[in-house]
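# Coordinate analysis (summary)
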Amino acid sequence: IMLMAFASFMSMQKKQVKDLGLAGLLQDIGKAKIPSAILNKEEAITKEEFELLKQHVDHALELLEIADKGSGSITGTVILTISQHHERIDGSGYPYELSEKQISLTGQMAGLIDTYCALTTNKVYAKGVYNQNALETIHALRDIKFKGVLIDQLVQFLGIYPVTTLVELNTGEVAVVIQQNSVRRMLPRVMILLNPDKTKNEYPATIDLI
């Protein structure tokens, strides 16, 4: 869903948006062929286990080829996106170690959204981080793992402070972001939940920080 929304935000054609939604839905289907002991392992996986895990991309492509059976219902864009969603522009990705322009835009988009979702989702071996922390981590990968211009688009899409994010103002008050500001991303509209002493605000006001 997030990949489709991101594609729509980037003004892609409806057909591409649909293809990206299907790719996002199916990109990890190959994990069905990965031992559950690896997928559910709470401690860090070994190098050998990681090599097995990386094979989920090839497994996904094999399963989709069988499912499609030449009908063409699974488009080339879907296949390409799935095959490249773990590739990175510095060549450190898998399974083909592609770099820079060898990676399609849809492959880069899928990889970026996959990374964001992985960072913000609870897993058996780690808790998800807050949206801001995820964006900070992704920003550190700028022009290393992902194109900087694409990361800029992601930030514009999500907002520096996504709706429902809890923030502490310089007054000490705690607020929840309720609306983005398209002009000044650092100054959203917020609702004050806690007073400066962190007691509950019985009559929460809304403030446009701009």
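Residue positions are counted from 1 within each chain, in the order its sequence is given. For a predicted model such as this one, the threshold for reporting local features is a pLDDT of at least 70, and the threshold for listing and counting side-chain atom pairs is 80 or more; totals across whole chains, interfaces and linings nevertheless cover every residue. To obtain the side-chain values, all non-hydrogen atoms of the structure were used and water was disregarded.

## What to know about the packing of helix α7 (residues 105-120) against helix α8 (residues 131-139)
Any two packed helices are characterised by the angle at which their axes cross and by the distance between the axes. In the contact formed by α7 and α8, the axes pass within 9 Å of each other and the chain directions differ by 135°. As the angle between them shows, α7 and α8 are arranged oblique. When the axes of α7 and α8 are compared, the crossing they make is right-handed. The residues of α8 that touch α7, namely those facing L112, T115, Y116, L119 and T120, are N131, A134, L135, T137 and I138. Across the contact of α7 with α8, the residue classes tally to six nonpolar, four polar and no charged. Lines fitted to the C-alpha atoms define the axes, with helices restricted to the stretch that makes contact. Angles between their N-to-C directions range from 0 to 180 degrees. Only DSSP runs of H or I covering at least 4 residues are called helices, and only runs of E covering at least 2 are called strands; the numbering of each starts at the N terminus. Angles are sorted into four bins: roughly parallel if under 35 degrees, roughly antiparallel if over 145, roughly perpendicular if 65 to 115, and oblique for all others. Helix crossings fall into two classes, left-handed where the near helix is turned counterclockwise from the far one by less than a right angle and right-handed where it is turned clockwise. In what follows, residue pairs with any heavy atoms lying within 4.5 Å of each other are defined as contacts. Amino acids are sorted into nonpolar (Ala, Val, Leu, Ile, Met, Phe, Trp, Tyr, Cys and Pro), charged (Asp, Glu, Lys and Arg) and polar (every other residue, Gly among them).

## Notes on the pattern of salt bridges
Salt bridge, as applied in this entry: a Lys or Arg side-chain nitrogen positioned within 4 Å of an Asp or Glu carboxyl oxygen. If you walk through the whole model with that rule in mind, you get eight salt bridges. In this structure, the salt-bridge partner of K145 is D90, at a minimum N-O distance of 3.0 Å. Here the residue K145 occupies a position in the loop between α8 and α9 (148-158), and D90 occupies one in the loop between α6 (76-84) and α7, the gap between them amounting to 55 residues. When a residue's accessible area, from a 1.4 Å probe over protein chains only, is under 20% of the maximum for its type it is buried; when over 50% it is exposed; and in between it is partly exposed. Residue D90 is classed as partly exposed on the basis of its relative accessible area of 38%. The shortest N-O distance in the salt bridge between E100 and K147 comes to 2.7 Å. One end of the pair, E100, is in the loop between α6 and α7; the other, K147, is in the loop between α8 and α9, with 47 residues separating them in the sequence.

## What to know about the packing of aromatic side chains
Each Phe, Tyr or Trp ring, with Trp reduced to its six-membered ring, pairs with another whose centre is within 6.5 Å; inter-plane angles below 30 degrees give stacked pairs, above 60 give edge-to-face pairs, and intermediate values give tilted ones. Evaluation of the coordinates by the stated rule reveals three aromatic pairs. Seen in terms of ring centroids, F9 and F157 are 5.6 Å apart; in terms of plane orientation they differ by 50°. Their pairing is tilted. One end of the pair, F9, is in helix α1 (residues 2-9); the other, F157, is in helix α9, with 148 residues separating them in the sequence. Among the residues examined, F157 registers a relative accessible area of 23% and is labelled partly exposed.

## Things to note about the sheet that holds strand β1 (residues 166-168)
When DSSP finds two or more bridges between a pair of strands, those strands are recorded as paired. As summarised here, the arrangement of the four strands in space is β1-β2-β3-β4, forming an open sheet in which the pairing is antiparallel. Of all the strands in the sheet, just β1 and β4 (206-208) have a single pairing partner and so form its edges. When the angles between neighbouring strand axes are averaged without regard to direction, this sheet yields 40°. Strand direction decides the pairing type here: β1 and strand β2 (residues 174-179), joined by three bridges, are antiparallel. Among the inter-strand pairings, E168 is bridged to a residue of β2, identified as V174.

## Points about the packing of α1 against α9
Running from N to C, α1 and α9 point in directions that differ by 105°, and their axes come no closer than 10 Å. One element, α1, and the other, α9, form an angle in the roughly perpendicular class. Contacts between α1 and α9 involve M2, A5, F6 and F9 on the former and, on the latter, L150, Q153, L154, Q156, F157 and L158.

## Describing α9
Restricting attention to buried positions, one finds in α9 the residues G148, L150, I151, L154, V155 and L158. Around the axis of α9, the buried residues are gathered within 160° of arc, so they sit on the same side. Buried residues in α9 make contact with α1, α7 and α8. Count one or two residues on from α9 and you reach G159, which has phi positive near 85°. Think of it as the arc spanned by the lines of direction from the helix axis to the C-beta atoms.

Read these as layout, nothing more, since geometry by itself doesn't imply function.
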